[in-house]
Amino acid sequence: MAKSFALQKKNNLSKIDCSRKGSIDAPILSLCQYINSQEQYFTTSSCSGRITIFKDAESDGVKKKGCRWLFTTHELVHLEDTIAPLEEITGNAVFKFEPFVMHIQCRELHDAQTIHAVSVASGFRNSGITVNRKGKIIAAIRSTQCLEVPLSNNGELLVSKEYIDYIIGIANQKMSENLTRIQRLFENLQEANLKSSGSHI
């Protein structure tokens with residue numbers, strides 16, 4: 001089992017990053033590197049949290065086409081950052097904040113339970129553990145800080161710039177808290193691993 005996990009970890013970490021961005025988000029780079037340096041874990045997917053404006057999926061009469069990002073950032077946003085994307089709206093645009101999410105494959109169930117306990121204690125109360133039929137154990141770190149607001153309908157802006165500035169303020173508050181929780185998670189996980197190492201001495 002240990003040899004199988006080590007091989008899966010090696011294969012996974014050697015793969016090209018197939019995410020749309022193509023790299024680990026800067027706010028969680030150190031966290032990912034730390035987790036992947038531990039024998040009992042490796043990350044399979046992650047996002048540090050993001051604020052986006054996207055054009056919603058359109059129907060071609062048969063099925064919906066994929067959405068198109070007009071603006072995206074993993075940092076705090078200002079009203080002026082959204083001006084150009086809003087001028088390009090031709091369909092149904094949506095403003096969205098998505099919090100940090102990470103999936104971690106764990107060697108043993110008790111390793112996943114450690115991740116879960118640390119995640120919940122750090123504020124990620126929507127976290128969980130899944131075990132598939134082949135015994136693959138995944139710890140998912142999630143929270144419930146989402147925000148999603150429609151901005152336009154068929155190219156017509158539905159809200160004022162003052163309102164957009166207001167929801168940007170809410171999203172920035174959520175992003176700031178999100179980044180604080182990520183740092184707390186990093187510190188709590190390091191502490192938990194230190195305690196675990198000490199218990200085996």
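Above this note sits the structure.
Residues numbered from 1 in each chain as written. Predicted model: local features only at pLDDT ≥ 70, side-chain atom pairs only at ≥ 80, totals over all residues. Heavy atoms only, no water.

Generally speaking, nonpolar side chains in soluble globular proteins are found buried as a group. Phe100 and Met102 are the most contacted members of the largest nonpolar core, which totals 22 residues. Elements supplying a minimum of two residues to this core: helix H2 (29-37), strand S5 (101-106), helix H4 (109-121), strand S7 (137-141) and helix H5 (161-199). Sort the elements by how many residues they give to this core and H5 lands first, with five residues. Within the second largest apolar cluster, 19 residues are counted, among which are Val77, Ile89, Phe97 and Ile167. (Core = buried A, V, L, I, M, F, W, Y, C linked by side-chain atoms within 4.5 Å. Buried < 20%, exposed > 50% of the residue type's maximum accessible area, 1.4 Å probe, protein only. Helix = DSSP H or I, 4+ residues; strand = E, 2+ residues; numbered from the N terminus.)

With antiparallel pairing, four strands are arranged side by side in an open sheet as S3-S2-S4-S8. Since the sheet does not close on itself, it has two edges, and those belong to strand S3 (68-73) and strand S8 (147-150), each with one partner. Mean inter-strand twist for the sheet, computed between neighbouring axes without regard to direction, equals 15°. Relative to S3, strand S2 (residues 50-55) runs antiparallel, the two sharing five bridges. (Pairing = 2+ DSSP bridges. Axes fitted to C-alpha atoms, helices over the stretch in contact; angles between N-to-C directions.)

Within the secondary structure layout, proline 99 lies in the loop between strand S4 (93-98) and S5. Expressed as a C-alpha distance, the spacing of proline 99 and histidine 74, which sit 25 residues apart in the sequence, is 9.7 Å. If sequence neighbours within four positions are ignored, proline 99 has contacts with Cys47, Gly49, Ser143, Gln145, Cys146 and Asn178. (Contact = heavy atoms within 4.5 Å.)

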